[in-house]
Amino acid sequence: MSELKIGATVHLTNGMTATVKKLLGEGGQGYVYLVSVNGKDMALKWYKSAPSSSPDKFYKNLRKNADDGAPAPMFIWPEYVTQYEQGSFGYIMKLRPEGYYEFGQFLIARQRFVNVGALLTTAIEICEAYKALHAKGLSYQDLNDGNFFINPKTGHVLICDNDNAFPNGEKSGILGKARYMAPEVVTGQRMPDAYTDKFSMSLILFLVIYMNHPFEGAKVLGHPCMTEEWERKCYGSEILFIANPQDKSNGPVKGVHNNVIARWPAFPAALRDAFVREFTAPILQSPTKRLTEQQWLDILTAVRDDLIRCPYCGKETFVSQTKCMECGKTIQVNNVLVIDKRKLALTDGNMLFIDRDDTPDMRVVHTAQNPNMLVIQNLMSNEIEVQTTQGQIRIVKTNEYLPVKLGLQLKLKIRGYQYIAKIQ
Ligand SMILES: [Zn+2]
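Residues numbered from 1 in each chain as written. Predicted model: local features only at pLDDT ≥ 70, side-chain atom pairs only at ≥ 80, totals over all residues.

1. A word on the overall build of the chain
As a reminder of what qualifies: To qualify as a helix, a DSSP run of H or I must reach at least 4 residues; to qualify as a strand, a run of E must reach at least 2; elements of each kind are numbered from the N terminus. With C-alpha atoms as the basis for the radius of gyration, the globule rule is written as 2.2 Å multiplied by the number of residues raised to the power 0.38. With C-beta atoms placed from the backbone, a residue is labelled by how many other C-beta atoms lie within 10 Å of its own: buried for 20 or more, exposed for 12 or fewer, partly exposed between the two. Residues are treated as contacting if the C-beta atoms built from their backbones sit within 7 Å of each other.
When you go through the chain residue by residue, the secondary structure sums to 10 helices and 23 strands. Its C-alpha atoms give the chain a radius of gyration of 24 Å, within 12% of the compact-globule value 22 Å for 424 residues. Dimensions of the chain, computed from the C-alpha atoms along their principal axes, are close to 75 × 55 × 35 Å. For the chain, buried positions account for 39% of its 424 residues. Long-range contacts, defined as pairs at least 24 residues apart, comprise 56% of the intrachain contacts of the chain with a sequence gap of at least 6.

2. As for the domain arrangement of the chain
Short version of the rule: An automatic or database domain assignment provides the domain bounds reported here.
Along its sequence, the chain is organised into domain 1 (9-93), domain 2 (101-299) and domain 3 (333-423). One C-alpha centre belongs to domain 1, the other to domain 3, and the line joining them spans 47 Å.

3. A few points about the environment of histidine 213
For histidine 213, the position within the fold is in the loop between helix 5 (194-210) and helix 6 (218-221). A C-alpha to C-alpha distance of 19 Å links histidine 213 and tyrosine 101, two positions 112 residues apart in sequence. Setting aside anything within four residues of it in sequence, one finds histidine 213 in contact with Arg179 and Leu207.

4. Quick word on the sheet that holds strand 23 (residues 417-423)
The line we're drawing: When DSSP finds at least two bridges between two strands, those strands are taken to pair. Only the stretch in contact is used when fitting a helix axis, every axis being a line fitted to C-alpha atoms; angles between N-to-C directions are given from 0 to 180 degrees.
Across the sheet, which stays open at both edges, the six strands sit in the order 15-14-23-22-19-20 with antiparallel pairing between neighbours. Each edge of the open sheet is held by one strand with a lone partner, namely strand 15 (342-345) and strand 20 (393-396). In this sheet, neighbouring strand axes are inclined to one another by 25° on average, regardless of whether the strands run parallel or antiparallel.

5. Let's talk about the sheet that holds strand 10 (residues 157-159)
Pairing within the open sheet is antiparallel, and its three strands lie in the order 7-9-10. Bordering the open sheet on either side are strand 7 (101-102) and strand 10, each of which pairs with just one other strand. Summarising the sheet, strand 7 and strand 9 (residues 148-150) pair through two bridges and their orientation is antiparallel. Bridging across to strand 9, glutamate 102 finds its partner in phenylalanine 149.

6. Considering the nonpolar core
Threshold: For this analysis, nonpolar core means a set of buried Ala, Val, Leu, Ile, Met, Phe, Trp, Tyr and Cys residues linked through C-beta atoms within 7 Å.
In this structure, Ala123, Ile126, Leu205 and Ile209 are the most contacted members of the largest nonpolar core, which totals 107 residues. For alanine 123, the residues in contact, after removing those within four places along its chain, are Leu205, Val208, Ile209 and Leu300.

7. Examining unusual backbone geometry
With the exception of glycine, the majority of residues adopt a negative phi angle, and the majority of peptide bonds are in the trans configuration. Each neighbour pair has its own omega, and for alanine 281 with proline 282 the value is 0°, a cis peptide bond. By secondary structure assignment, the location of proline 282 is in the loop between helix 9 (269-279) and helix 10 (293-306). Positive phi outside glycine occurs at glutamine 86, with the angle close to 50°. On the secondary structure map, glutamine 86 appears in the loop between strand 5 (80-81) and strand 6 (90-93).

8. Digging into the pairing of strand 14 (residues 336-339)
Note that strand 14 and strand 15 share four bridges and pair antiparallel. Pairing of leucine 337 across the sheet is with leucine 344, part of strand 15. Counting the residues in the hairpin turn of strand 14 and strand 15 gives two residues, including aspartate 340, whose phi is positive at 50°. Bridge count for strand 14 against strand 23 is two bridges, and the pairing is antiparallel. Residue leucine 337 lies in a different strand from strand 23, and its bridge partner there is isoleucine 423.

Here it is as structure tokens:
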């Protein structure tokens, strides 16, 4: 099967054509070209050889996915499929926009998140994306570090290589990428499905947050020549979490795993608890008991609620650490905004995120007259209905302020949802 020539035309199943303009990249499975479809620049993935042992099934599945559309906006999803021609086939997708970099670039420190807030946006968006994909009855089956493109300034994520997304329980024919597969897939006890996806997703979340692989500590470092047999042990039958509190034999090594050594104690305990639960016995060996995407979203939202700007130095720190991680000053929280089980610190300079997107909905500032008098500014396009302890109602419009005063109740409307928040 051959490479396409510049200027060549391929036919799409919907009757349109794509004209090849330029080779953008080449991988083991195929080529990616810049093509023109109806005058619009798009990307074409063109398979070098049959992408599966049953290419007909693969092709049909690809067409169905294209017809059904992307489960969430983060996916660079197959939009059109080509006809079987010139000995192969391919699919059309959107081009990756400027400002997004391969996740691998972050792992080798060529790219860095601008701040912890952006990092948390990435983690949250990954969970949202796979929650939507699994809710559609699909499983991804090949979740690995190569799937993600991330904008380091905003934390926004794009997910590519979606051609192995199959209905949950159906085999795409691939097992996944070494180092990212669930242990039960490595040992051959289970084929990739939504539960093994959850393991790989938690592994990616660990990488995003701590920037080291969760199962590559001292023990794995001791096998510089990774044979297939060692690989089956290190990632399968004898898999051991780098931060396992009981067995530290695969713990992080100074000078090699510095990121996790520094970040593990710095990030909130809720994250440590979640990863220890996921990556140690008995949950590690119980695929169906793994955390759901929604449970991860709740944990990550709580971590973002915990993240504030230090009122003294302006750097990011966690409220739960009590002392600022940067300047060491004690941060006193006099009032919090309570929404259901969530608590948002009302400290000077803090941005308040009510829904899960990365746009702040309110912010806390001090008044010009009194540096100790805090107010909340409404940054939303909707107004806030504020009820005083005496039951009086006041409307706070966009960019207007309300005082940080014990007992005030706020009614917020964001994207069709209503939130009731109370100052405590
Ligand atoms: Zn500080």
